Amino acid sequence: MNQADVSKLVSQLRIQCPSRLRKFRNPKGPEERLNKMRKTVTALVKHERLELNFPRAHEARMYAERLISDAIRHGDCHIPTMEMADYWLIEKQLIHKLFKVLVPRFEQYNVCYTRLLRAPRPYPGPENLKAVLELKGNPYPSLLPDTSTNKNLIHNILLDEAKKAYRTKKYAEIAAKIDAVESAVGLNVESTEEPERQSLESEEASTDESKDTSRSS
């Protein structure tokens, strides 16, 4: 089997996966550990944003990414993908959401489908690291700070200077167009006034001649 066949069988995850999974302490053994992961993935697909301990969120993210990636790659007519969705999603109505809502949302994505953010630790409280795991495109307000309105950032400063230069160039072009139109209008006015002036001068000359002839007679 060559590399092309392997790439067809294994989904290309867009997140970094550790070589070894974490060893969560559980008195009921590995089975209960998987049940917790299933509950976490199910809650993530259902609510699209979770706040939980960082190690559990970091590992559940890998399973959620693989589930969505296989759903996009194979669709709902692929039996192994449907079996995997049936295993990881405890609430079976979420299988419909996976293929009819999440797959159309993420099928054009070139990046990962989830976002993992570190959350502040409550004080006083446990020292466990907290995190927020969410699906991208969720309907909730963004947790990331809005830096687009900060004028002190270098990219905003460069954009402001580029806008000023562009406006100065456009204003100069508009002023040049106005001057050209005004000069063209002035030439037209002068060209129309010149025949009128000549006709008036000829009329005045004829009237003077008529006056002179009347006086001489």
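The rules we used
- Residues numbered from 1 in each chain as written.
- Predicted model: local features only at pLDDT ≥ 70, side-chain atom pairs only at ≥ 80, totals over all residues.
- Heavy atoms only, no water.
- Helix = DSSP H or I, 4+ residues; strand = E, 2+ residues; numbered from the N terminus.
- Axes fitted to C-alpha atoms, helices over the stretch in contact; angles between N-to-C directions.
- Parallel < 35°, antiparallel > 145°, perpendicular 65-115°, else oblique.
- Left-handed = near helix turned anticlockwise from the far one by under 90°.
- Contact = heavy atoms within 4.5 Å.
- Nonpolar A, V, L, I, M, F, W, Y, C, P; charged D, E, K, R; others polar.
- Expected span 1.5 Å × (residues − 1).
- Bend = angle between axes of the 7 residues up to and from the residue.
- Buried < 20%, exposed > 50% of the residue type's maximum accessible area, 1.4 Å probe, protein only.
- Pairing = 2+ DSSP bridges.

Draft legend 1. Focus on unusual backbone geometry. A positive phi angle is found at glutamate 48, which is not glycine, with a value near 70°. Here glutamate 48 lies in the loop between α2 (30-47) and β1 (49-53).

Draft legend 2. Just the packing of α2 against helix α5 (residues 93-106), in detail. Here α2 crosses α5 at 50°, and the two axes come no closer than 10 Å. Considered as vectors, α2 and α5 are oriented oblique to each other. Relative to α5, the crossing made by α2 is left-handed. In this structure, α2 contributes Thr42, Val45 and Lys46 to the contact, and α5 contributes Leu94, Lys97 and Leu102. Its residues placed into classes, the contact of α2 with α5 shows three nonpolar, one polar and two charged.

Draft legend 3. Broad picture of α5. For α5, spanning 14 residues, the distance from its first C-alpha to its last is 19 Å, which sits close to the expected 20 Å at 1.5 Å a residue. Roughly 25° is the biggest bend found in α5, and it falls at phenylalanine 99. Burial in α5 covers these residues: Leu94, Ile95, Lys97, Leu98, Phe99, Leu102, Val103 and Phe106. Taken together, the buried residues of α5 touch α2, α3 (54-74), α4 (79-88) and β3 (130-135).

Draft legend 4. The arrangement of the sheet that holds β3 in detail. What the three strands build is an open sheet, ordered β1-β3-β2; its pairing is antiparallel. Two strands close off the open sheet at either side, each with one partner strand: β1 and β2 (114-119). Neighbour to neighbour, the strand axes of the sheet diverge by 25° on average, direction disregarded. Bridge analysis of β1 against β3 gives five bridges, and the strand direction is antiparallel. Pairing of leucine 52 across the sheet is with alanine 131, part of β3. α3 rests against β1, β2 and β3 of the sheet, and its axis sits at about 175° to β2.

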